[in-house]
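Here are the chains, one letter per residue:
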Amino acid sequence: MHILVTGGAGFIGSHTALALQAAGYTPLLLDDFSNSNEGVLKGLETILNEKVTCIQGNCGDLTLLRDVFKTYSIAGVIHFAAFKAVGESMEKPLQYYENNIGNLLALLRVMQEYGVHNLIFSSSCTVYGEPDSLPVTEETPVKPATSVYGNTKQVGEEILRDVARASGQLRVCALRYFNPVGAHPSGLIGELPLGVPNNLVPFITQTAAGLRPELVVFGDDYPTLDGSCVRDFIHVMDLAEAHVAALANLQKRSGYSFEVFNIGTGEGSSVLEMIALFEKVNGIKVPYRIGARRPGDVVAVYADARLAERELGWKARRSMEEALRDAWKWQLNLQSIA
Ligand code: UD1
């Protein structure tokens, strides 16, 4: 049974491909490599000890999509392919709407044409903005988006809700990810940001490796325990496994459905705690200094993830120590193959 994984060569997509395979599905990857690298396929094949099918192309390409749906028997789709840089989205709104919304529409159209009714959508905790209370549940109000990127996730969810209802058949599970970190424990695949990383953990590992002179902590005057921002960091393999649980849940449904789930650990960690834990677990110093706040950052957000536990039978089980050890292993491996 093929599961189409758009953006399958990306950070979360590649780890989800492994989780799918482990659960007995056959992942079929589609990726245009606009923010990923073909090297990830080698990593996947080494871990799995078998070939992985990856179609190179953009998931907004209707001709290509129709060809894929005609060629393979597809039981469901996990749609990761999207741009994700908050700052860049403000400079390139058209590209973000085209890629994140336009491609979703193309995918929905072709799924409908070929009678494929199961879809998992990558959403984000960014939909909660700066929440009024913590932890956030799925009932926590969605706040007006403060970035184009965030808006593509909110609008994406709304489109899916409407299309599922009108179709009478489409079953959608939108997973609101918190902050995925870490890598597969083999160190053979991981996060591969092009250029200067935006996200905290790749910046930590590159600084520890000496590739960047120092990490700047964006603000230590927030109203949190140590003054730095708080996030719900989750091991990417836990996040990957949430997709397998969501898929099983969709396959149990009949008729149409639209559900959202928080995918986090339920625990908040501060930026300074993450740096200290990374140093402790890996026995290496991370040179850092405190800098100005980054515009658009929320102070604190972490999940109430009990709905996913109740409904999907899924919960995060890996520790942050493991995640930071795995992230470092991946960084070291990257350097050895560079
Ligand atoms: C944000 C979005 C998330 C989105 C992701 C995409 C929110 C709450 N989260 O994650 O939905 O999917 O972008 O990239 O809107 N930090 C530093 N120094 C650095 C880098 C980061 O101090 O060099 C701090 C940030 O200020 C932040 C924390 O680390 O407090 C995490 O930052 P990051 O990894 O970029 O993730 P979010 O901004 O939480």
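Residue positions within a chain follow its written sequence, with the count starting from 1. The predicted origin of the model limits local features to residues at a pLDDT of at least 70 and limits the giving and counting of side-chain atom pairs to 80 or more, whereas totals for whole chains, interfaces and linings rest on all residues. Side-chain measures here rest on the full set of heavy atoms in the structure, leaving out hydrogens and waters.

Caption draft 1: Structural view of the overall build of the chain. Counting from the N terminus, the helices are the DSSP runs of H or I reaching at least four residues and the strands are the DSSP runs of E reaching at least two. Regarding its fold elements, the chain presents 11 helices and 13 strands. On C-alpha atoms alone, the chain measures out to a radius of gyration of 19 Å, which is about the 20 Å that the 2.2 N^0.38 rule sets for 338 residues. Dimensions of the chain, computed from the C-alpha atoms along their principal axes, are close to 55 × 45 × 40 Å. Throughout, exposure labels follow a simple rule: accessible area from a 1.4 Å probe, protein chains only, divided by the maximum for the residue type, with under 20% read as buried, over 50% as exposed, and the rest as partly exposed. Burial status across the chain gives 55% buried among its 338 residues. Throughout, a contact is declared for two residues whenever any of their heavy atoms are within 4.5 Å. Long-range contacts, defined as pairs at least 24 residues apart, comprise 81% of the intrachain contacts of the chain with a sequence gap of at least 6. Throughout, the radius of gyration refers to the C-alpha atoms, and the reference size of a globule is 2.2 Å times the residue count to the power 0.38.

Caption draft 2: Focus on the sheet that holds strand β3 (residues 53-56). Two strands pair under a simple rule: DSSP has to find at least two bridges between them. Read from one edge of the open sheet, seven strands run β3-β2-β1-β4-β5-β6-β11, paired in parallel fashion. Each having just a single partner strand, β3 and β11 (257-263) make up the two edges of the open sheet. For this sheet the average axis-to-axis angle between neighbouring strands, irrespective of direction, equals 20 degrees. Between N-to-C directions, angles cover 0 to 180 degrees, with each direction set by a line fitted to C-alpha atoms, over the stretch in contact for helices. Lying over the sheet, helix α5 (residues 93-113) contacts β1 (2-6), β4 (74-79) and β5 (118-124), oriented at roughly 165 degrees with respect to β5.

Caption draft 3: View of α5. One less than the number of residues in a helix, times 1.5 Å, gives the span that helix is expected to have. Helix length check: α5 (21 residues) gives 29 Å between terminal C-alpha atoms against 30 Å at 1.5 Å per residue, within 8%. Bend at a given residue is defined as the angle between two axes, one fitted to the seven residues that end at that position and one fitted to the seven that begin there. Residue G102 marks the point of greatest curvature in α5, where the axis turns by about 25 degrees. Of the positions making up α5, those classed as buried are Y96, N99, N100, I101, N103, L104, A106, L107, L108, V110 and M111. On the buried face of α5, the contacting elements are β1, α3 (62-71), β4, α4 (86-91), β5 and α6 (148-167). Just downstream of α5, G115 is the residue with a positive phi angle, here 65 degrees.

Caption draft 4: Looking closely at the packing of helix α1 (residues 11-22) against helix α2 (residues 39-48). Look at α1 against α2: their axes get within 11 Å of each other, and the N-to-C directions meet at 25 degrees. As far as their axial angle goes, α2 and α1 are roughly parallel. With respect to the hand of their crossing, α1 and α2 are arranged in right-handed fashion. Note on element contacts: α2 touches α1 through V40, L44, I47 and L48, opposite S14, A17, L18 and Q21. Each angle receives one of four descriptions, namely roughly parallel if under 35 degrees, roughly antiparallel if over 145, roughly perpendicular if within 65 to 115, and oblique otherwise. What makes a crossing left-handed is the near helix being turned counterclockwise from the far one by less than a right angle; a clockwise turn instead makes it right-handed.

Caption draft 5: Geometry of the site of the ligand. When we say a residue is near a molecule or strand, we mean one of its heavy atoms is within 4 Å of it. Taken together, 21 residues lie near the ligand, and S124, L200, V216, R231 and D297 sit nearest. At a separation of 3.3 Å, an oxygen atom of the ligand approaches a polar backbone atom of K84. One of the backbone N or O atoms of V216 is found 2.8 Å from a nitrogen atom in the ligand. Relative to its free-state accessible area of 750 Å², the ligand is covered by the protein chains to the extent of 90%. The definition of a polar contact used here is a pair of N or O atoms within 3.5 Å, where within protein one atom must be able to donate a hydrogen and the other to accept one, and adjacent residues in sequence count solely through side-chain atom pairs. The Shrake-Rupley method, run with a 1.4 Å probe, gives the accessible areas here. Residue values count only the displayed protein chains as cover.

Caption draft 6: Representation of unusual backbone geometry in the model. Residue L134 is joined to P135 through a cis peptide bond whose omega torsion reads -5 degrees. For F33, which is not glycine, the phi torsion reads 55 degrees and is therefore positive. Mapped onto the fold, F33 is located in the loop between β2 (26-31) and α2. Of note in the backbone geometry, N49 takes a positive phi value of approximately 60 degrees without being a glycine. Structurally, N49 can be placed in the loop between α2 and β3. For N49, a relative accessible area of 70% puts it in the exposed group.

Caption draft 7: Representation of the packing of aromatic side chains in the model. Think of it this way: a Phe, Tyr or Trp ring, Trp meaning its six-membered ring, pairs with another when their centres are within 6.5 Å, and the plane angle makes it stacked under 30 degrees, edge-to-face over 60, tilted otherwise. Scanning the entire structure with this criterion turns up three aromatic pairs. Between the aromatic rings of F83 and Y96, the centroid separation amounts to 5.2 Å while the plane-to-plane angle is 55 degrees, which identifies the pairing as tilted. Separated by 13 residues along the polypeptide, F83 in the loop between β4 and α4 and Y96 in helix α5 bring together distant segments of the chain. Here the aromatic rings of F278 and W328 are separated by 5.7 Å at their centres, their planes lie at 80 degrees, and the arrangement is edge-to-face. Of this pair, F278 sits in helix α9 (residues 271-282) while W328 is found in helix α11 (residues 320-337), placing the two residues 50 residues apart along the sequence. For the pair shown, F278 and W328 are each scored as buried. Only when the NZ atom of a Lys or the CZ atom of an Arg is both within 6 Å of the ring centre and within 35 degrees of the ring normal do we say a charge sits over the ring. It is R212 that lies over the ring of F203; its NZ or CZ is 5.9 Å from the centre. Here the guanidinium or amino end of R293 rests over the ring plane of Y222, the centre of that ring lying 4.0 Å away.

Caption draft 8: Structural detail: the side chain of H184. Residue position: H184 is located in the loop between β7 (179-181) and α7 (200-208). A polar side-chain atom of H184 sits 2.7 Å from a polar atom in the side chain of S186. The residues contacting H184, other than those within four sequence positions of it, are H15, L18, I47, I189, M237 and D326.

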